[in-house]
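Below, each chain spelled out in residue letters.
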Amino acid sequence: METDDRPVPSPELDDRRDGRDETRNERADRNWEELLQELRVMQTGTQILTGFLLAVAFTPRFEDMDEFQRDVYVVLVALAAVATILALAPVALHRALFGRRRKPELVRVAARIVVIDLVAISALTIGVTTLIVDFTVNRSAGLIALVSSVVFVGLLWLVLPRLVRREAERGGSVDRS
């Protein structure tokens, strides 16, 4: 077994104190790559939901929707457009800043856009689920689907991260990348 002969970074030189021996620009590059992976996953899901929504308007059963369902449908199409635009915004920002040595700023702004897009995609997913259940079963079932979906997203977004953080802090291993 070989030993790692690299020097252990001193807390004074490692600005995040997370044990990674990287410069500010190396950290920005790594974080940008991670954001791009997240955006790829988000874009795929958004494209599938958008495609589904756009196809619905061209089906014979679209005429069977009541006024509430059509209103929800139009809101969901608009939300799908917003989610798509948000997912493309970091790429456009990268193009505008490319070669200008602004990667740390790009990562900071793109990370905020990704969070906003996650909210939009969650709302879109909840809305699509609600619309489908409302249309195929009934309004009461649609409302149950709405509340259940909101609770589920809340658990995954708010409760699960706290549990993971608490467990990591108990184990003494906290990675704040």
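Residues numbered from 1 in each chain as written. Predicted model: local features only at pLDDT ≥ 70, side-chain atom pairs only at ≥ 80, totals over all residues. Heavy atoms only, no water.

1. Description of the packing of aromatic side chains
No. 1: Under the definition given, this model contains one aromatic pair.
No. 2: Seen in terms of ring centroids, Phe 62 and Tyr 73 are 5.2 Å apart; in terms of plane orientation they differ by 70 degrees. Their pairing is edge-to-face. Of the two residues, Phe 62 sits in the loop between helix H1 (24–56) and helix H2 (67–97) while Tyr 73 sits in helix H2, which places them eleven residues apart along the sequence. (Phe/Tyr/Trp six-rings, centres within 6.5 Å; stacked < 30°, edge-to-face > 60°. Helix = DSSP H or I, 4+ residues; strand = E, 2+ residues; numbered from the N terminus.)

2. Structural notes on the packing of helix H3 (residues 103–136) against helix H4 (residues 139–171)
No. 1: The geometry of H3 relative to H4 is characterised by a closest axis approach of 7 Å and an angle of 155 degrees between their N-to-C directions. The angle between H3 and H4 falls in the class roughly antiparallel. The two elements H3 and H4 meet at a crossing, and its hand is right-handed. Contacts from Leu 118, Val 119, Ser 122, Ile 126, Thr 129, Thr 130, Val 133 and Asp 134 of H3 reach H4 at Arg 139, Ala 141, Gly 142, Ala 145, Leu 146, Ser 149, Val 150, Val 153 and Trp 157.
No. 2: Considered class by class, the residues forming the contact of H3 with H4 number ten nonpolar, five polar and two charged. (Axes fitted to C-alpha atoms, helices over the stretch in contact; angles between N-to-C directions. Parallel < 35°, antiparallel > 145°, perpendicular 65-115°, else oblique. Left-handed = near helix turned anticlockwise from the far one by under 90°. Contact = heavy atoms within 4.5 Å. Nonpolar A, V, L, I, M, F, W, Y, C, P; charged D, E, K, R; others polar.)

3. Thoughts on the pattern of salt bridges
No. 1: All told, the structure shown has eight salt bridges when counted by the stated rule.
No. 2: The salt bridge involving Arg 139 is made with Asp 66; its shortest N-O contact spans 2.6 Å. Taken together, the positions of Arg 139 in helix H4 and Asp 66 in the loop between H1 and H2 put the pair 73 residues apart, joining distant regions of the chain.
No. 3: By relative accessible area, which is 33% here, Arg 139 ends up partly exposed.
No. 4: Look at Asp 66 and you get partly exposed, because its relative accessible area is 32%.
No. 5: Within the structure, one salt-bridge network assembled from shared partners comprises Glu 22, Arg 27, Arg 30 and Glu 34. (Salt bridge = Lys/Arg side-chain N within 4 Å of Asp/Glu carboxyl O. Buried < 20%, exposed > 50% of the residue type's maximum accessible area, 1.4 Å probe, protein only.)

4. Observations concerning the side chain of Thr 46
No. 1: Within the fold, Thr 46 resides in helix H1.
No. 2: Looking at Thr 46, the relative accessible area reads 2%, which means it is buried.
No. 3: With residues up to four places along the chain from it excluded, the contact list for Thr 46 reads Ala 80, Ala 83, Thr 84 and Ile 121.

5. Quick word on the confidence of the model for the protein chain
No. 1: With 86% of its residues at a pLDDT of 70 or more, the protein chain has an overall mean of 86.
No. 2: Here residues 1–14 scores under 50 on pLDDT; set against residues more than four positions off or in separate chains, the count is nine contacts. (pLDDT = per-residue confidence, 0-100.)

6. Points about the packing of H1 against H3
No. 1: The contact between H1 and H3 brings their axes to 9 Å, and the two run at 20 degrees. One element, H1, and the other, H3, form an angle in the roughly parallel class. As H1 runs across H3, the sense of the crossing is left-handed.
No. 2: In terms of residue class, the contact of H1 with H3 is made up of 19 nonpolar, four polar and six charged.

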